[in-house]
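# Summary of the model geometry
Read off the chains here:
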Amino acid sequence: MNNSIEGIHYQTGKPIKVIIKDGIILEIIELEATESKSLIAPGFVDLQVNGFQGIDFNDSNLEESEIQNVTQTLLENGVTTYFPTVITNSDESIRRSLKTISKACSSNKLVQNTIQGIHLEGPFLSKEEGPRGAHPLEYIQAPNWEKFCAWQEETEGRIELITVSPEWTESNGFIEKCVESGVKVAIGHTAANTSQIEAAVKAGATLSTHLGNAAHLMLPRHPNYLWDQLASEKLWMSIIADGFHLPEAVIKVFMKVKPEYTFLISDSTQFAGLPPGKYQSPIGGEVVLNKYGRLFMEKKPELLAGSASSLLQCVNFLVKHQLATLPEAIEMASIRPLQYINKEKSVGLRRGNKADLLVLDFKATELEILQAVKAGELVYSKKH
Ligand SMILES: [Zn+2]
């Protein structure tokens with residue numbers, strides 16, 4: 001496909017024409033003027049997606065066609081790259097989910113291009129109440145390299161990121177082996193102490209998964225694992241900025257500590273993209289999604305039951321609450337996670353890069369997806 005898009009550069013605010021050839025940005029020409037008021041930005045990248053719109057990647061009956069459906073729905077929501085996320089479950093269920101995702105990639109080019117890796121979040125996490133979050137206790141276990149290798153084989157090497165807790169004695173050796181094999185390691189769902197976190201970083205961990213969530217309700221003022229991770233210069237951090245998982249003050253402080261190394265994840269569950277109502281959750285029982293997008297346990301409304309927001313909604317939250325400028329919020333959802341994954345030499349809206357682009361409408365404080373382009377192909381266009 002050989003084509004071009006006109007609009008406003010999301011960062012410079014200048015009118016531009018992006019020329020695309022063979023899936024690549026051939027050229028970006030600055031124009032004197034353009035009639036288009038739409039912004040052109042890099043496509044969103046979500047490294048933690050548990051499901052979307054009624055489909056759960058951890059459902060043991062997950063089908064390949066459902067992964068295609070989620071991929072299409074995410075593209076419509078501006079996500080041009082994502083990591084399906086498989087969480088703690090029985091060994092066999094984890095294997096099955098991984099296998100199905102992998103098969104869906106092999107059999108469909110768009111799915112293959114959009115799913116750039118799989119995130120395995122568990123089962124090597126903390127057993128403690130709080131850090132464990134909603135991960136089922138019965139399946140939480142010590143890091144096990146052989147088990148991981150068997151799962152990795154099922155995916156034909158597609159696991160690119162694993163979240164582990166470094167509080168196990170087996171953690172450091174495990175982290176080293178993962179990193180050696182090219183898999184990125186994140187610290188998360190952890191109750192680890194200072195020296196365990198330091199050792200994990202030394203072993204090669206490079207990310208804090210949804211920092212500030214999956215933590216004890218009460219923590220000693222210091223030391224604690226939030227300070228330890230914030231203080232580590234080698235750790236990037238992912239945050240869920242949906243307006244429910246972290247208070248604004250926390251987001252503000254986190255972003256000030258690691259302005260270049262913070263990126264957004266949706267951590268969306270199957271309830272994202274569904275209308276408000278009462279639903280049945282496989283791990284949480286009855287859950288309620290209210291009209292503001294907050295997902296909580298019906299019996300304990302103070303407890304969240306996961307995220308029901310898209311990455312776009314998180315970007316909009318940051319902008320609306322002036323926690324980030326518009327270009328910065330867009331980059332936290334696009335360029336930054338790609339820089340973390342570090343597979344491509346150059347990322348973003350630049351000549352020679354992959355043409356994963358969005359055409360966005362920005363009204364008041366809300367971005368809306370008008371078009372999504374994946375590897376140069378128009379994969380979504382809003383109906384008028
Ligand atoms: Zn989690």
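Not measured: the values here are computed from a predicted model.

Moving on to empty space enclosed by the protein. For the coordinates displayed, the defined rule picks out 3 cavities of 30 Å³ or more. Here the largest cavity is characterised by a volume of approximately 140 Å³. Going through the elements one at a time, strand S8 (79-87) and helix H11 (335-341) are the ones with two or more residues in the lining of the largest cavity. Grouping the amino acids of the lining of the largest cavity by side-chain chemistry returns 6 nonpolar, 7 polar and 3 charged. Thr190, Leu211, Asn213, Ala214 and Gln229 are, among the 15 residues lining the second largest cavity, the residues nearest its centre. Counting residues per element, the lining of the second largest cavity draws most heavily on helix H7 (residues 225-231), at 3 residues. Here the residues of the lining of the second largest cavity are counted per class, giving 6 nonpolar, 9 polar and no charged.

Mapped onto this numbering, the UniProt entry gives "binding site: substrate" (unreviewed entry) at Ala134, Asn213, Ala214, Arg221, His245, Leu304, Ala305 and Gly306. Spanning 173 residues, the named residues do not form one spatial group; their C-alpha atoms are separated by as much as 26.5 Å. From this annotated list, the subset lining the second largest cavity comprises Asn213 and Ala214. By the secondary structure assignment, Asn213 is in the loop between strand S12 (207-208) and H7. Discounting chain neighbours no more than four positions away, the residues touching Asn213 are Ile240, His245 and Leu246. Examined against the element boundaries, His245 turns out to sit in the loop between strand S13 (236-239) and helix H8 (248-257). In contact with His245, not counting residues within four places along its chain, are Asn213, Ile240, Leu304, Gly306 and Ser307.

A few words now on the pairing of strand S19 (residues 366-374). Examined bridge by bridge, strand S18 (residues 357-363) and S19 share 7 bridges and lie antiparallel to one another. Bridge pairing in S19 places Lys363 opposite Glu366. In this sheet, strand S20 (residues 377-381) lies alongside S19 in antiparallel orientation, the contact comprising 4 bridges. When the sheet's bridge partners are listed, Val373 is paired in S20 with Leu378. In textbook terms, the turn of a hairpin is the stretch between consecutive antiparallel strands, and for S19 and S20 this stretch comprises 2 residues, one of which, Ala375, has a positive phi near 45 degrees.

Looking now at the coordination of the zinc ion. Ideal geometry at a metal gives 109.5 degrees between four tetrahedral donors and either 90 or 180 degrees between six octahedral ones. The protein atoms donating to the zinc ion are Glu121 (OE), His189 (NE2) and His210 (NE2), with metal-donor distances spanning 2.0 to 2.1 Å. Mapping the donors of the zinc ion onto the primary sequence yields the spacing E-x67-H-x20-H. Placement of Glu121 in strand S9 (residues 118-121) and of His210 in the loop between S12 and H7 is noted, with a sequence separation of 89 residues between them. Considered together, Glu121 and His210 belong to a single accessibility category, that of buried residues.

Another aspect to go through is the sheet that holds S9. Strand order in the open sheet formed by 8 strands is S5-S8-S9-S10-S11-S12-S13-S14, with parallel pairing between adjacent strands. Here the strands that pair on one side only, and so sit at the sheet edges, are strand S5 (44-49) and strand S14 (262-264). Direction of pairing for S12 relative to S13: parallel, over a ladder of 2 bridges. Directly across from Leu207, in S13, lies its bridge partner Trp236. Most of the contacts of helix H2 (residues 91-107) go to S8, to which it runs at about 160 degrees, and overall it touches S8, S9 and strand S10 (159-164).

The next subject is the layout of surface pockets. In this structure, the second largest pocket spans a volume of roughly 380 Å³. Lining the second largest pocket are 20 residues, with Phe244, Tyr292, Gly293, Ser309 and Gln313 sitting closest to its centre. For the lining of the second largest pocket, the element with the most residues is helix H9 (residues 311-320), which contributes 4 residues. Residues that form the lining of the second largest pocket fall into these classes: 8 nonpolar, 9 polar and 3 charged.

Turning to the environment of Tyr340, a few remarks are in order. The residue Tyr340 is located in helix H11 in this model. Among the residues examined, Tyr340 registers a relative accessible area of 2% and is labelled buried. Here the alpha-carbon distance between Tyr340 and Thr262, two residues 78 residues apart in the chain, equals 9.4 Å. Not counting chain neighbours up to four residues away, the residues in contact with Tyr340 comprise Leu47, Leu161, Lys184, Val185, Thr206, Leu207, Trp236 and Phe263.

About the cut-offs
Residues numbered from 1 in each chain as written. Predicted model: local features only at pLDDT ≥ 70, side-chain atom pairs only at ≥ 80, totals over all residues. Heavy atoms only, no water. 1 Å grid on protein atoms, 1.4 Å probe; cavity = no way out; pocket = protein on both sides within 12 Å on 5 of 7 lines; lining within 4 Å. Points joined across faces, edges and corners; volume = space filled by probe spheres on them. Helix = DSSP H or I, 4+ residues; strand = E, 2+ residues; numbered from the N terminus. Nonpolar A, V, L, I, M, F, W, Y, C, P; charged D, E, K, R; others polar. UniProt positions renumbered as here; feature names shortened; annotations may be inferred. Contact = heavy atoms within 4.5 Å. Pairing = 2+ DSSP bridges. Donors = N, O, S within 2.8 Å, 3.2 Å for Na, K, Ca; no water. Buried < 20%, exposed > 50% of the residue type's maximum accessible area, 1.4 Å probe, protein only. Axes fitted to C-alpha atoms, helices over the stretch in contact; angles between N-to-C directions.

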